[in-house]
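The lines below spell out each chain.
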Amino acid sequence: MEVVSVEPGKVRVQFKVEEEHLNGHGTLHGGYTSFLTDLISTLALMTTGNGNPGVSTDLSVAYMRSAKLNEIITIDADTLKTGKLLTFSTVDFRNEAGKLIAQGKHTKFVGGGASS
């Protein structure tokens, strides 16, 4: 994976779909897409200066197209809102033609203090 750009609340990365990223149908595995939604949105959150990576409260991914072996995928994570307790992000996965293949949404708890 290669980081392409970073700015406050936003991260763009690219990666090449390799054999280990595939499902049984020879396309990008949905679980890997979910993992990347979590990872890249957290990286984007960390660029906001919050200093707290938080914990996931909700994560979803909508799958529009498949990605095949050796395709280059661009991932754009955008921290939409960071509040006192929650942060909200979107993560867009695009193929080389710029077509949306998946979109993740991620909500994280970033509030301080533990409750019993």
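Numbering of residues starts from 1 in each chain and follows the order in which that chain's sequence is written. This being a predicted model, a pLDDT of at least 70 is required before a residue's local features are given, and a value of 80 or more before pairs of side-chain atoms are given or counted; all residues contribute to the totals for chains, interfaces and linings. As a rule here, side-chain values come from all non-hydrogen atoms in the structure, and water together with hydrogens is ignored.

**Focus on the UniProt feature "domain: Thioesterase" (unreviewed entry) in the chain**
With numbering aligned to this structure, UniProt lists the feature "domain: Thioesterase" (unreviewed entry) at residues 25-101. By the criteria applied, helices consist of DSSP H or I runs no shorter than four residues and strands consist of E runs no shorter than two, each listed in order from the N terminus. With 22% helix and 40% strand, the stretch residues 25-101 has end C-alpha atoms that lie 16 Å from each other. UniProt positions are given in the numbering used here, feature names are shortened, and annotations may be inferred rather than shown by experiment.

**What to know about the pairing of strand β5 (residues 86-94)**
Here strand β4 (residues 72-82) runs beside β5; their pairing, made up of eight bridges, is antiparallel. What sits directly across from I75, in β5, is F93. From the end of β4 to the start of β5, which pair antiparallel, there are three residues. We treat two strands as partners when DSSP finds at least two bridges between them. Count of turn residues in the β5/strand β6 (residues 100-109) antiparallel hairpin: five residues, of which G98 carries a positive phi of about 85 degrees.

**A word on the nonpolar core**
In this description, a nonpolar core means a group of buried Ala, Val, Leu, Ile, Met, Phe, Trp, Tyr and Cys residues linked to one another through side-chain atoms lying within 4.5 Å. For each residue, the accessible area found with a 1.4 Å probe, counting protein chains only, is set against the maximum for its type, and the residue is called buried under 20%, exposed over 50%, and partly exposed in between. Residues F15, V17, I73, I75, F93 and I101 are the most contacted members of the largest nonpolar core, which totals 18 residues. When residues of this core are traced back to their parent elements, those giving at least two are β2 (10-16), α1 (30-46), β4, β5 and β6.

**Comments concerning the side chain of D92**
Summarising the element assignment, D92 is placed in strand β5. With no salt bridge to any partner, buried D92 finds its closest opposite charge in R94, at an N-O distance of 4.0 Å. Within 3.5 Å is the distance limit for a polar contact, defined as a pair of N or O atoms, with the added protein rule that one can donate a hydrogen and the other accept it, and that residues adjacent in sequence qualify only through two side-chain atoms. A distance of 2.7 Å separates polar atoms of two side chains, one belonging to D92 and the other to Q103. Ignoring anything within four residues of it in the chain, the contact list for D92 reads T74, I75, D76, L100, A102 and Q103. Counted as positive: Lys and Arg. Counted as negative: Asp and Glu, with His and the chain ends omitted from the count. The salt bridge definition used is simple: a Lys or Arg side-chain nitrogen within 4 Å of an Asp or Glu carboxyl oxygen. Note on definitions: a residue-residue contact is assigned when non-hydrogen atoms from the two residues lie within 4.5 Å.

**Description of the sheet that holds β5**
Where strands meet in a sheet, backbone hydrogen bonds hold them as pairs that are either parallel or antiparallel. Spatially, six strands are ordered β1-β2-β4-β5-β6-β3 in an open sheet, and the strand pairing comes out antiparallel. Pairing within the sheet leaves two strands with one partner each, and these edge strands are β1 (2-7) and β3 (55-63). For this sheet, the mean angle separating the axes of adjacent strands, direction not counted, is 15 degrees. Examined bridge by bridge, β2 and β4 share seven bridges and lie antiparallel to one another. In the strand pairing of β4, V13 is matched with I75. With axes taken as lines fitted to C-alpha atoms, and helix axes fitted only over the stretch in contact, angles between N-to-C directions fall between 0 and 180 degrees.

**Brief notes about the packing of aromatic side chains**
When two rings of Phe, Tyr or Trp (its six-membered ring) have centres within 6.5 Å they constitute a pair, described as stacked for plane angles under 30 degrees, edge-to-face for angles over 60, and tilted for the intermediate range. In total, this model carries two aromatic pairs according to the counting rule given. Between F15 and Y32, the ring centres sit 5.9 Å apart and the planes meet at 65 degrees, which makes this aromatic pair edge-to-face. Taken together, the residues F15 in strand β2 and Y32 in helix α1 connect sequence positions 17 residues apart. Taken together, a centroid distance of 5.8 Å and an interplanar angle of 40 degrees make the contact between Y32 and F35 tilted. Of the two residues, Y32 and F35 are both situated in helix α1; the distance of three residues between them amounts to about one turn of the helix. Owing to a relative accessible area of 22%, Y32 belongs among the partly exposed residues under this scheme.

**Considerations on the side chain of N95**
Here N95 lies in the loop between β5 and β6. Classification of N95 as buried rests on a relative accessible area of 14%. Separated by 3.0 Å, the side chain of N95 and the backbone nitrogen of A97 make a polar contact.

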